[in-house]
Amino acid sequence: MADSLFSTIEHFHEDRPWGSVLDAGTGAHSLGWICGLPTESWTGITGDPHRRDRMKRDFSSRIRSHDRILAGNWTDPGLLAGETFDVVLADYLLGALDGFAPYFQDQLLPRLRPHVRERLYLVGLAPYPDRAKTPGGKAVLEIARLRDACILLAGHRCYREYPLEWVKRSLESSGFVVEQAESMTIRYGARFINGQLDVCVRKLKYFQDPVMAASMRMHIESVRAKALALGELKSGGIRFGEDYVMSARPA
Ligand SMILES: C[S@@+](CC[C@H](N)C(=O)[O-])C[C@H]1O[C@@H](n2cnc3c(N)ncnc32)[C@H](O)[C@@H]1O
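Residues numbered from 1 in each chain as written. Predicted model: local features only at pLDDT ≥ 70, side-chain atom pairs only at ≥ 80, totals over all residues.

A. Layout of the overall build of the protein. The helix and strand tally for the protein stands at nine helices and seven strands. Relative to the globule expectation of 18 Å for 251 residues, the C-alpha radius of gyration of the protein, 19 Å, shows essentially globular dimensions. Counting only C-alpha atoms, the protein reaches 50 × 35 × 35 Å along its principal axes. When burial is assessed residue by residue, the protein has 29% of its 251 residues classed as buried. For the protein, long-range pairs separated by at least 24 residues make up 78% of all intrachain contacts whose partners lie at least 6 apart in sequence. (Helix = DSSP H or I, 4+ residues; strand = E, 2+ residues; numbered from the N terminus. Rg over C-alpha atoms; globule rule 2.2 N^0.38 Å. Buried ≥ 20, exposed ≤ 12 C-beta atoms within 10 Å, placed from the backbone. Contact = placed C-beta atoms within 7 Å.)

Have a look at this one:
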């Protein structure tokens, strides 16, 4: 899915130069895409110093002299103070913010605004609906709820997603003009099922109650087996939920 999100951004960008790019919530996927663009320089920001170290190692052959990967928190007013970028990308940053800066979501876009010279591109996941009609949709909801339950029982923080309309309002009140917005139905495959359920398994060691952890492990594997047997996986994936891409420029 992410590749079609990035190709939508390339389409939004038309033939303008990319210049300097800030990946405001960096990860292997977004940085891999940015490395393939004709940029003058790029900066990747993560809230997690371990991710920074891992990415510095994994991208070592692609980091040019003006490129950098930094660990920092957008709650810190000193982070990139006075620096501007032609293009700023916020790729699944808003949803992840709760883990690093709880209750800062309404401040994120005002915080990024002074760093944007030409365009901000924002990618987000629309919050899931409460109910699904198809077996695949029901499985995605069950997996997402199980993942969040395991994260909470481990004493950690879950992602919190925001709808496109919320982001639009926040962009407009933060000194941006929204130029384009597109929503796309997501197709989930076995990689999503295994990835999310592996998160559940990794959280078990933090559970207070080992008996609950043991029975949760059995439950996780039964949800995995049921989901991996779904017919929708063999016919192009489970179509459920939406991602959105937005383009905004300084007002
Ligand atoms: C879900 S990941 C983004 C996915 C990424 N673009 C990719 O391609 O994999 C969220 C990123 O935003 C960062 N992040 C979340 N909250 C942050 C904050 N308050 N300050 C700085 N970085 C933050 C995380 O550390 C992580 O690098």
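B. Just unusual backbone geometry, in detail. Even without being a glycine, Leu-80 presents a positive backbone phi close to 55°. Within the secondary structure, Leu-80 sits in the loop between β3 (68-71) and β4 (85-91). In the Ramachandran plot, Tyr-103 falls in the positive-phi region, its phi being about 70° despite a non-glycine side chain. Within the secondary structure, Tyr-103 sits in the loop between α4 (93-96) and α5 (105-112). Overall, Tyr-103 belongs to the exposed group, with 9 C-beta atoms counted inside 10 Å.

C. Expanded view of the packing of helix α8 (residues 190-203) against helix α9 (residues 210-228). At a closest axis distance of 10 Å, the pairing of α8 and α9 adopts a crossing angle of 180°. Between α8 and α9, the interaxial angle falls into the category roughly antiparallel. Contacts between α8 and α9 pair Ala-190, Ile-193, Leu-197, Cys-200 and Val-201 from the former with Arg-217, Ile-220, Val-223, Arg-224, Ala-227 and Leu-228 from the latter. Across the contact of α8 with α9, the residue classes break down as nine nonpolar, no polar and two charged. (Axes fitted to C-alpha atoms, helices over the stretch in contact; angles between N-to-C directions. Parallel < 35°, antiparallel > 145°, perpendicular 65-115°, else oblique. Nonpolar A, V, L, I, M, F, W, Y, C, P; charged D, E, K, R; others polar.)

D. Quick peek at the site of the ligand. Surrounding the ligand, one finds 22 residues, the nearest of these being Gly-25, Gly-27, His-29, Thr-46 and Gly-47. Counting residues per element, the ones that place at least two in the shell around the ligand are α2 (28-35), β2 (41-46) and α4. When residues of the shell around the ligand are assigned to their parent elements, the largest contribution, three residues, is made by α2. For the shell around the ligand, the residue count by class is nine nonpolar, ten polar and three charged. (Near = placed C-beta within 6 Å.)

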